[in-house]
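# Structural overview
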Amino acid sequence: MKNPVSGFSKLTKTEKINWLTTNYFEGNISAKNTLEQYWNTNLSLQKLHDDFIENTISNYYLPLGVAPNFLINDTLYTIPMVIEESSVVAAASNAAKFWLEKGGFKAEIISTTKNGQVHFNYFGNFNDLQTFFNETKPALISGIETLQTNMKKRGGGLIDITLVDSTKKLEGYYQLHCTFETLDAMGANFINSCLETIATIFESKTQEYTPFKISEKTPEIVMSILSNFVPECTVKASVSCPVESLTVGKISGQVFAEKLTRAVAIAKAEPRRAVTHNKGIMNGVDAVILATGNDFRAVEAGVHAFAAKNGNYSSLTHAAIENGIFTFWIELPLALGTVGGLTSLHPLVKFAFDLLQKPNAKELMKIVAVAGLAQNFAALKSLVTTGIQKGHMKMHLMNILNGLNATSTEKEQAIEHYKTNPVSHSNVVTFISNLRDIK
């Protein structure tokens, strides 16, 4: 039975680690050593990392890789990707090279509006509420002027506030739906600050409104929060070429195009396939979002809601063959930032933005969407030709070998052996054991 701890957050990092070691590792010093070996020797850099979150005890490394040869709107990019999964960076690079010779990727911004809501209860007369809102709306807008000063200077800020009747979904439930333009900032803190101020003004005004007093039915604020569902903040990425340019090995371009188009159709029709299909897309999307210091959880939630916006969970990508031309495209909701948060603090995030030639938020949206499209194309290309495991298990083999502490010579022999043999953990263990027995 572990003992609870009081005042843990006030302990120093070393004291936190000592407490963990004593209470969860039976005093085993190796646990402490594991944590400390990941500390950065640059003390100021380590202090920066310590301050990113609460109760920091160490750094958790993920690989930062790059995928070159991405031609996007006639500009060549090398895309940074942070991910732990084998074959993702290789697949993205493969797709980039495949399309480089066919005109590259095209990307365009569809819209950039973000939103948030003040959620409240009201069980009175709707006409009274509508009239109150119409009369109060100017005060709600003017009440956040000081919060908007810098954002408006840059051309952003609140766009509109509307009253939304959601009582068909939930009795007595209404929203103040607020739309914003936040430009190069993701805008979460700005939006939430505006919403909370709007809610405070709205609530104070309700106390003065005579019809509410007479009916004794007054709106009650429940919460104020931005939404990560941003279907009005979207980007489209696409590739296109004549079908005869799609020849893959012994498979003709026409056959390959038909197979890939059919694979997308299956993901549109079958949610069980669509989930895995879209997960592959997010391998590329999340890897770039992590590398650029953005919130991949927010993007994941919004993207999957977007995939189900028509009532059925479906493919995020689309494919068509028309008049001998194959087209493959994606539309994604992406609320991203290139200023604020970790984008200006984390040295590797700064490196990533420099590598991407210092994109603004719209340009980053395009790059991220292309990474998702490329990842999906590479996965589908494998699925309808050689199968997904050939490339994936080639990368997985190295993880197994590292887990077995294989030497360079053993790795070379294993790689050669598994060019023509199926990879499994047990097979590799046996192969390496046999090599060592021979010695």
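Residues numbered from 1 in each chain as written. Predicted model: local features only at pLDDT ≥ 70, side-chain atom pairs only at ≥ 80, totals over all residues. Heavy atoms only, no water.

### Quick look at the overall build of the protein
In terms of helices and strands, the protein carries 16 helices and 10 strands. Seen along its three principal axes, the alpha-carbon backbone of the protein occupies a region of about 90 × 70 × 40 Å. Within the protein, the proportion of its 439 residues that are buried is 42%. As displayed, the protein has an accessible area near 22900 Å², and 53% of this comes from carbon and sulfur atoms. Of the side chains in the protein, 40 bear a positive and 39 a negative charge, and the two mean positions are spaced by 6 Å. (Helix = DSSP H or I, 4+ residues; strand = E, 2+ residues; numbered from the N terminus. Buried < 20%, exposed > 50% of the residue type's maximum accessible area, 1.4 Å probe, protein only. Areas by Shrake-Rupley, 256 points an atom, 1.4 Å probe, with all protein chains shown as cover. Lys, Arg positive; Asp, Glu negative; His and termini not counted. Charge placed at Lys NZ, Arg CZ, Asp CG, Glu CD.)

### Quick word on the nonpolar core
By size, the foremost hydrophobic cluster in this structure holds 96 residues, and its most contacted members are Phe70, Leu176, Phe328 and Leu334. In terms of residue count, helix α13 (residues 361–383) provides more of this core than any other element does, 12 residues in total. Apart from the residues within four sequence positions on either side, Phe70 is in contact with Thr75, Leu76, Tyr77, Ile79, Ala92, Ala96, Phe105, Val370 and Ala374. Counting 11 residues, the second largest nonpolar core, distinct from the first, contains Ile400, Leu401, Ile432 and Leu435. (Core = buried A, V, L, I, M, F, W, Y, C linked by side-chain atoms within 4.5 Å. Contact = heavy atoms within 4.5 Å.)

### Observations regarding the sheet that holds strand β3 (residues 106–109)
Backbone-to-backbone hydrogen bonds pair the strands of a sheet. The strands run either parallel or antiparallel. Taken in spatial order, the four strands make up an open sheet running β3-β8-β10-β9, and their pairing is antiparallel. Two strands lie at the open edges of the sheet, namely β3 and β9 (317–322), each paired on one side alone. Recorded for the sheet is a direction-independent mean angle of 20 degrees between the axes of neighbouring strands. Pairing of β3 with strand β8 (residues 234–242) involves four bridges; the strand directions are antiparallel. Residue pairing in the sheet places Ala107 in a bridge with Ala237 of β8. (Pairing = 2+ DSSP bridges. Axes fitted to C-alpha atoms, helices over the stretch in contact; angles between N-to-C directions.)

### What about the packing of helix α4 (residues 88–100) against α13?
Where α4 contacts α13, the two axes come as close as 8 Å, and the packing angle between them is 95 degrees. Between α4 and α13, the interaxial angle falls into the category roughly perpendicular. In this structure, α4 uses Val88, Ala91, Ala92, Asn94, Ala95, Phe98 and Trp99 to contact α13, whose residues at the interface are Ala374, Gln375, Phe377, Ala378 and Lys381. Split by residue class, the contact of α4 with α13 holds nine nonpolar, two polar and one charged. (Parallel < 35°, antiparallel > 145°, perpendicular 65-115°, else oblique. Nonpolar A, V, L, I, M, F, W, Y, C, P; charged D, E, K, R; others polar.)

### Considering helix α7 (residues 188–206)
Given a rise of 1.5 Å per residue, 19 residues ought to cover 27 Å, and the 27 Å separating the end C-alpha atoms of α7 matches this to within 8%. When we look at burial in α7, the residues that qualify are Phe190, Ile191, Asn192, Cys194, Leu195, Ile198, Ala199, Ile201, Phe202 and Thr206. (Expected span 1.5 Å × (residues − 1).)

### Section: the pattern of salt bridges
On inspection of all chains with the given rule, the structure shows 11 salt bridges. When the shortest N-O distance is used, the salt bridge between Asp50 and Lys13 registers 3.0 Å. Of the two residues, Asp50 is situated in helix α3 (residues 43–50) and Lys13 in helix α1 (residues 13–24); the sequence distance between them amounts to 37 residues. Residue classification places Asp50 among the buried residues on the basis of a relative accessible area of 17%. The closest approach of N and O atoms between Asp160 and Lys137, which form a salt bridge, is 2.8 Å. With a gap of 23 residues between them, Asp160 in strand β5 (residues 157–165) and Lys137 in helix α5 (residues 126–142) connect regions that are remote in the sequence. For Lys137, a relative accessible area of 22% puts it in the partly exposed group. In this structure, a network of salt bridges that share partners links the residues Lys350, Asp354 and Lys358. (Salt bridge = Lys/Arg side-chain N within 4 Å of Asp/Glu carboxyl O.)

### Let's talk about the side chain of Lys114
Its place among the elements puts Lys114 in strand β4 (residues 114–121). Here Lys114 sits buried without a salt bridge, and the closest side chain of opposite charge, Glu181, lies 5.2 Å off (N-O distance). Separated by 2.6 Å, the side chains of Lys114 and Thr182 make a polar contact. Among all residues touching Lys114, those that are not within four sequence positions of it are Cys178, Thr179, Phe180, Thr182, Leu183, Ala185, Met186, Ile191, Val230, Cys233, Ala335 and Leu336. (Polar contact = N/O pair within 3.5 Å; in protein donor to acceptor, adjacent residues only side chain to side chain.)

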